[in-house]
Structure formats: C-alpha cells, structure tokens
Amino acid sequence: MYLPEIYQKFSATFPEVFKIYQDLGKHIRDAGPLDTKTQDLIRLGIAIGGNSKGAVMSHTRKAIESGATKEEVRHAVLLAMPTTGFPNMVAAFGWVESVLEKN
C-alpha cells in the first residue's frame, strides 16, 4: 500500500502515538455494522468535504481495495456536490481520477 513520505516520517518519529492512532482506527471500524466498502466510501465523502487531497486519494485507494467499483467511487464524489459545492467536488474528482487511472 502506498504511504506518503510525511506519513512514514511521522510514524517513525512518534511510533507510540502512531500505534495508538492505528488502534483507534481499527476500534472505530469494528464499532458498527457497516461493511468495509461502505465505510471506505463514507470516509471518501468525508475527505472530499474536508477538501483534503491526500485523504481523498488515500480513501479512493482504500475504497477500490475494499471492492468498490470505479463507478461507485465516482458516484461518491458526485454526491458531494450539493453539500460541498461544485468547485470542491470538481477538485476531488480530479484527485480521484488520478488514482483511478492507475488502477
């Protein structure tokens, strides 16, 4: 799995904090009934709302890895338009497409 250099540097600099962060993520994933693909599409939507290029790209990869189709990922992006606005959605669409082109 691709990990940005800054992510790797943070985990090497603060290994105990990073482990706690990873454990928190696992506990949150296991806390409810949603399957992994649904969780990853929701997290993609949240990343789009936060206008975070790195998170959008990361959650796109995770959604594809958990079984989401390219069409489902694109639909998740489109769903962001009424809530986050057209410019934000178009920016996210570009980031998503750059990931989908490699898969």
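1. A word on the overall build of the protein
Here comes step 1: Secondary structure summary: the protein contains 7 helices and 0 strands in total.
Here comes step 2: When the helices and strands of the protein are read in sequence order from the N terminus, they spell out α-α-α-α-α-α-α.
Here comes step 3: For the protein, the C-alpha radius of gyration of 14 Å lies close to 13 Å, the compact-globule estimate for 103 residues.
Here comes step 4: Expressed as lengths along the three principal axes of its C-alpha atoms, the size of the protein is roughly 40 × 30 × 25 Å.
Here comes step 5: The 103 residues of the protein split such that 26% are buried.
Here comes step 6: Of all intrachain contacts in the protein linking residues separated by at least 6 positions in sequence, the fraction that spans at least 24 positions is 54%.
Here comes step 7: Surface accessibility of the protein: about 6900 Å² in total, with carbon and sulfur atoms responsible for 63%.

2. Some remarks on the confidence of the model for the protein
Here comes step 1: On average, residues of the protein carry a pLDDT of 95, and 99% of them reach 70 or more.
Here comes step 2: Here helix H1 (residues 5-13) stands out as the least confident element of the protein, with mean pLDDT 93; helix H5 (residues 70-79) is the most confident, with 98.

3. Thoughts on the side chain of Arg61
Here comes step 1: In this structure, Arg61 sits in helix H4 (residues 53-65).
Here comes step 2: This buried residue, Arg61, is left without a salt bridge; Glu65 holds the nearest opposite charge, at 5.9 Å.

4. Things to note about unusual backbone geometry
Residues apart from glycine generally show negative phi values, whereas peptide bonds are mostly found in trans.
Here comes step 1: Backbone geometry places Asn51, a non-glycine residue, at a positive phi of 55°.
Here comes step 2: Within the element layout of this structure, Asn51 appears in the loop between helix H3 (36-49) and H4.

5. Quick look at the environment of Phe10
Here comes step 1: In this structure, Phe10 sits in helix H1.
Here comes step 2: Given the relative accessible area of 38%, Phe10 is considered partly exposed.
Here comes step 3: Residues Phe10 and Ser66 lie 56 residues apart in sequence; the distance between their C-alpha atoms is 25 Å.
Here comes step 4: Not counting residues within four places of it along the chain, the set of residues in contact with Phe10 comprises Val17 and Phe18.

6. Describing the packing of H3 against H5
Here comes step 1: At a closest axis distance of 9 Å, the pairing of H3 and H5 adopts a crossing angle of 40°. The way H3 lies across H5 gives a crossing that is right-handed. Together, Lys37, Leu41, Leu44 and Ile48 of H3 and Glu72, Val73, Ala76 and Val77 of H5 make up the contact between the two elements.
Here comes step 2: Across the contact of H3 with H5, the residue classes break down as 6 nonpolar, no polar and 2 charged.

The rules behind these values
Residues numbered from 1 in each chain as written. Predicted model: local features only at pLDDT ≥ 70, side-chain atom pairs only at ≥ 80, totals over all residues. Heavy atoms only, no water. Helix = DSSP H or I, 4+ residues; strand = E, 2+ residues; numbered from the N terminus. Rg over C-alpha atoms; globule rule 2.2 N^0.38 Å. Buried < 20%, exposed > 50% of the residue type's maximum accessible area, 1.4 Å probe, protein only. Contact = heavy atoms within 4.5 Å. Areas by Shrake-Rupley, 256 points an atom, 1.4 Å probe, with all protein chains shown as cover. pLDDT = per-residue confidence, 0-100. Lys, Arg positive; Asp, Glu negative; His and termini not counted. Salt bridge = Lys/Arg side-chain N within 4 Å of Asp/Glu carboxyl O. Axes fitted to C-alpha atoms, helices over the stretch in contact; angles between N-to-C directions. Left-handed = near helix turned anticlockwise from the far one by under 90°. Nonpolar A, V, L, I, M, F, W, Y, C, P; charged D, E, K, R; others polar.

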